[in-house]
Amino acid sequence: DTNQLLVQNRNVVTFISKDRSIDKHIFFLHGGEYVAEVKPVHWRLVENLVNKTSCKLSFLDYPLAPENSYKETHDMVFQSYSKLVELYPDDEFLFLGDSAGGGICLTLAQMIRNIQFKKMAINQQELIKNIPVTLPQPGNPGVVNGSGVFVRIPIYCMSLQGQYFQYTGKVLLP
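Counting restarts for each chain: residues are numbered from 1 in the order of the written sequence. Residue-level local features of this predicted model are given only where pLDDT is at least 70; pairs of side-chain atoms are given and counted only at 80 or more, and the full residue set underlies all totals for whole chains, interfaces and linings. Values reported for side chains reflect all heavy atoms of the structure, with hydrogen atoms and water molecules removed beforehand.

**Digging into the pattern of salt bridges**
Then, in step 1: Basic side-chain nitrogens of Lys or Arg form a salt bridge, by our definition, when they fall within 4 Å of a carboxyl oxygen of Asp or Glu. Applying the stated rule across the entire model yields 5 salt bridges.
Then, in step 2: Close ionic contact of arginine 20 with aspartate 1 constitutes a salt bridge, the shortest N to O distance being 2.2 Å. In this pair, arginine 20 is assigned in the loop between strand 2 (10-15) and strand 3 (24-29) and aspartate 1 in the segment before strand 1 (2-7), connecting sequence segments 19 residues apart. Taken individually, arginine 20 and aspartate 1 each receive the classification exposed, so the pair is uniform in this respect.
Then, in step 3: Where arginine 10 meets aspartate 61, a salt bridge forms, and the shortest distance between an N and an O atom there is 3.1 Å. Of this pair, arginine 10 sits in strand 2 while aspartate 61 sits in the loop between strand 4 (56-60) and helix 2 (70-87), and the two are 51 residues apart along the sequence.
Then, in step 4: Three or more residues are tied together by salt bridges with common partners; here these are Asp23, Lys24 and Glu92. Think of it this way: any DSSP run of H or I at least four residues long counts as a helix, any run of E at least two long counts as a strand, and we number them from the N terminus. Type-normalised accessible area, obtained with a 1.4 Å probe on protein chains alone, sets the label of each residue: buried when under 20%, exposed when over 50%, and partly exposed for intermediate values.

Now the structure itself:
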């Protein structure tokens, strides 16, 4: 099954696997140096991911340069994510980006972080109690210090050659 949204006159297609019990939802942004349209290899990748993971997968046709600036792209991506969260409130979203799409995923994670903290009117002690924090321990370099709280956000990047990695960097929360 598929569901289609139109966000700022751009397509957002969600592929829904036959196994509807899985609450994982891949938010996929294609690569292409910020200027290239979706290629057949991206559609094959989407099909393989849906079939092999049984996750929902939302695929965005985001605005490209040079006709659009990063502001239009980031705005459309954020609006798409917000609408998908409203449509699928019980899903756990995983960001997946190929090349340029990985960079946009990281920006989206930072935008979400910034908006969440603007809405929170609590002090840092309450923040530390209420947010899952990755604490330092062997093999886990998360840090809590006076400058903020470091947490991990599930961002995954994949190359078209099939190599993938989880972004293991830390996102600083003010």
